[in-house]
Amino acid sequence: MILPGKYYKEGKFWLIEISQLDALTQSTSRSGAFNMIQDWIMSMANCLDLKMEFIDQGAGNFIIKFDNPAPIVSLMLERAKKESGMSLSMLMQALELTS
């Protein structure tokens, strides 16, 4: 599974944004911001051994490759459910998914 993201500097902070996960982190260094987003993903997906690779695409863009998509898909569904206020079954029906 691959997700795109953006990084940029705002004032003295570097920000990392992954819109599909509704995630944003910041740090005073670019590497610190990438470390924080990696920790955020592992914590929110409740998978501390999740393997991911960040690949810089240039111009403030990057992609993350995940070896195991299951925790990320679960996290994306949970975030979408919370944002929409729908139940999981309502959300799955809206997305035309089955269990």
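About the cut-offs
- What you see as residue numbers is a count from 1 along each chain, following the sequence as written.
- Local features in this predicted model are restricted to residues whose pLDDT is 70 or higher, and side-chain atom pairs enter the listing and the counts only when it is 80 or higher, whereas totals over whole chains, interfaces and linings include all residues.
- For side-chain calculations, the full set of non-hydrogen atoms in the structure is used, while hydrogens and water are omitted.
- Pairing between strands is defined by DSSP: at least two bridges between them are needed.
- Under the scheme used here, helices are H or I runs from DSSP no shorter than 4 residues and strands are E runs no shorter than 2 residues, and both carry numbers assigned from the N terminus.
- Whenever a helix is involved, its axis is fitted only over the stretch in contact; in every case the axis is a line through C-alpha atoms, and angles between N-to-C directions fall within 0 to 180 degrees.
- Note on angle classes: values under 35 degrees are labelled roughly parallel, values over 145 roughly antiparallel, values of 65 to 115 roughly perpendicular, and the remainder oblique.
- Residues count as neighbours in contact if any of their non-hydrogen atoms are within 4.5 Å of one another.
- Classification convention: Asp, Glu, Lys, Arg as charged; Ala, Val, Leu, Ile, Met, Phe, Trp, Tyr, Cys, Pro as nonpolar; all other residues, Gly among them, as polar.

A. Region of interest: the pairing of strand β1 (residues 2-10). Of the pairings in the sheet, the one linking β1 to strand β5 (residues 61-66) comprises five bridges and is antiparallel in character. Counterpart to Pro4 in the pairing with β5 is Ile63. Linking two consecutive strands that pair antiparallel, namely β1 and strand β2 (residues 13-18), is a turn of two residues; a positive phi of about 65° is found at Gly11 within it.

B. Representation of the packing of helix α1 (residues 30-44) against helix α2 (residues 70-84) in the model. Their axes nearest at 9 Å, the elements α1 and α2 cross at an angle of 80°. On the basis of the axis angle, α1 is roughly perpendicular to α2. Residues Trp40, Ile41 and Met44 of α1 lie in contact with α2, whose contacting residues are Ile72, Leu75 and Arg79. Among the residues making up the contact of α1 with α2, the classes are represented as five nonpolar, no polar and one charged.

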